[in-house]
Amino acid sequence: MSLQQLVLDPSTASDAYRSAFVDHELVVAPSEPKHHIIRATVCNVSAPAQHLRRIVIESPELVGFKLSGPDEFFGLFMPQVASGKLHLPVHAGGANIRASVAAMPDELRPHLRWYTVRSLNPVAGQLTFDVVTHGVTTPSYKNIGPGLRWVLSAQTGDQVAIWTCQGLWHRGRRSQTLIADPSAAPSVRAILEYTHAFAPDQLKDMHVRMIAESPNDLEPLLNPNWEDELSSLDILFAPSEKFSETTIAHLRGLDHSQHPATQSKYVWVAGEGQLCKEVRHHAIYTWGLDSESVQWCPYWFLGRARP
């Protein structure tokens, strides 16, 4: 099976796909693993959608590596100059890698940004992640951060490193609603693929809502691949500054129609910060969920550079 097939259609029965995960049940949230730095090399760069860049990195240390969950996030170390030499921090241990990076001399300090795993092939030692480009096509564009600038410049052979982290989602509550903007859409796809592999019957109790500025922001074939598998699936479109407003209006419409999604026992939302905050508030105060049944993870904040 090729890497592209593993990413887009894991068939979920392949040994390579199943071996990518520590836990094939995930009825509770993943525990925090031991963090460490893994050096890697870019081995492929592609564009599955017009505003989406896909990066594949490889490392001998990723052979046999396992994910704690399908929405696992990680820190990406990038050199200050595209295709330049990568210097890494000396880290004494613990989860606070930012302090070790901040302690480095200015001229050596790498950029550190956070992404989520789209897929892992532990047989080949390859990890794939997607980055939304927001329509930016050149790294010389003024108003972009170092993460997107590096992504737009990335070439095969470039040196990077990752700071291993963990997943957040679990399937312990059968009825679920997953909500994401383009930055978190790869995680939703990964969650659906995981569920298809290890608990396919649960898909009929899952609802998915995605919001994007245009179809160009999303990996293709979401509807054809998943709409018949899920309880419900809708893709909303709005300017990024209206992601939160549009999503909440949609949820209120579900409330009015007494849609089954409103009876979900677990909500997972990730993406823009205000979107996450408003969805969490709605799930708790309108749908009646307790805070432990709402997993919210802001990936970015409108008008603010990512940390």
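This is a predicted model, so every value here is computed, not measured.

A. Representation of empty space enclosed by the protein within the structure. Following the criterion strictly, the structure yields five cavities of 30 Å³ or more and no others. In this structure, the largest cavity occupies an estimated 80 Å³ of space. Taken together, 11 residues form the lining of the largest cavity, with Y17, F21, R118, S119 and L120 sitting closest to its centre. For the lining of the largest cavity, the elements supplying multiple residues, two or more each, are β5 (119–121) and α5 (185–198). Grouping the constituent residues of the lining of the largest cavity by class yields eight nonpolar, one polar and two charged.

B. Main features of the sheet that holds strand β9 (residues 206–212). Taken in spatial order, the five strands make up an open sheet running β10-β9-β8-β11-β12, and their pairing is parallel. Of all the strands in the sheet, just β10 (232–237) and β12 (294–300) have a single pairing partner and so form its edges. Adjacent strand axes in the sheet meet at a mean angle of 10 degrees when their direction is disregarded. Of the pairings in the sheet, the one linking strand β11 (residues 266–272) to β12 comprises six bridges and is parallel in character. Within β12, the residue paired with E272 across the bridge is W300. Contacting β8 (176–180), β9, β11 and β12, α5 runs over the sheet at an angle of about 160 degrees to β9. This element, helix α7 (residues 243–257), spans β8, β9, β10 and β12 of the sheet and lies at about 145 degrees to β9.

C. Looking closely at the pairing of strand β3 (residues 73–78). The element β3 is largely enclosed, with a buried count of five among its six residues. Sheet topology note: the β3/strand β4 (residues 111–116) ladder contains six bridges and is antiparallel. Directly across from F74, in β4, lies its bridge partner Y115. Examined bridge by bridge, β3 and strand β7 (residues 159–164) share four bridges and lie antiparallel to one another. Each bridged residue has a counterpart across the sheet, and for F74 the counterpart in β7 is T164.

D. Quick look at the environment of K242. Residue position: K242 is located in the loop between β10 and α7. Residue classification places K242 among the partly exposed positions, given a relative accessible area of 40%. Linking K242 and C297, residues 55 residues apart in sequence, is a C-alpha distance of 18 Å.

E. Representation of unusual backbone geometry within the structure. Here L26, not a glycine, exhibits a phi torsion of approximately 50 degrees, which is positive. In this fold, L26 is placed in the loop between α2 (15–18) and β1 (37–49).

F. Quick look at helix α8 (residues 273–285). The end-to-end C-alpha separation of α8 is 18 Å, in line with the 18 Å expected for 13 residues at 1.5 Å each. Of all the residues in α8, the buried ones are G273, L275, C276, V279, H282, A283 and I284. The N-capping residue of α8, defined by a side-chain oxygen 2.8 Å from the backbone nitrogen of Q274, is E272.

G. Representation of the side chain of S214 within the structure. Relative to the helices and strands, S214 resides in the loop between β9 and α6 (222–226). Of the residues examined, S214 reaches a relative accessible area of 17% and is grouped as buried. Setting aside residues up to four positions removed in sequence, S214 forms contacts with H51 and F237.

H. Spatial organisation of the state of the cysteines. Summed over the entire model, instances satisfying the criterion amount to zero disulfides. There is no disulfide at C165, and the cysteine sulfur nearest it, in C297, is 10 Å away. Considering cysteine sulfurs only, C276 is the nearest to C297, which forms no disulfide, with 7.0 Å between them.

Calculation notes
- Residues numbered from 1 in each chain as written.
- Predicted model: local features only at pLDDT ≥ 70, side-chain atom pairs only at ≥ 80, totals over all residues.
- Heavy atoms only, no water.
- 1 Å grid on protein atoms, 1.4 Å probe; cavity = no way out; pocket = protein on both sides within 12 Å on 5 of 7 lines; lining within 4 Å.
- Points joined across faces, edges and corners; volume = space filled by probe spheres on them.
- Helix = DSSP H or I, 4+ residues; strand = E, 2+ residues; numbered from the N terminus.
- Nonpolar A, V, L, I, M, F, W, Y, C, P; charged D, E, K, R; others polar.
- Pairing = 2+ DSSP bridges.
- Axes fitted to C-alpha atoms, helices over the stretch in contact; angles between N-to-C directions.
- Contact = heavy atoms within 4.5 Å.
- Buried < 20%, exposed > 50% of the residue type's maximum accessible area, 1.4 Å probe, protein only.
- Expected span 1.5 Å × (residues − 1).
- Polar contact = N/O pair within 3.5 Å; in protein donor to acceptor, adjacent residues only side chain to side chain.
- Disulfide = S-S within 2.5 Å.

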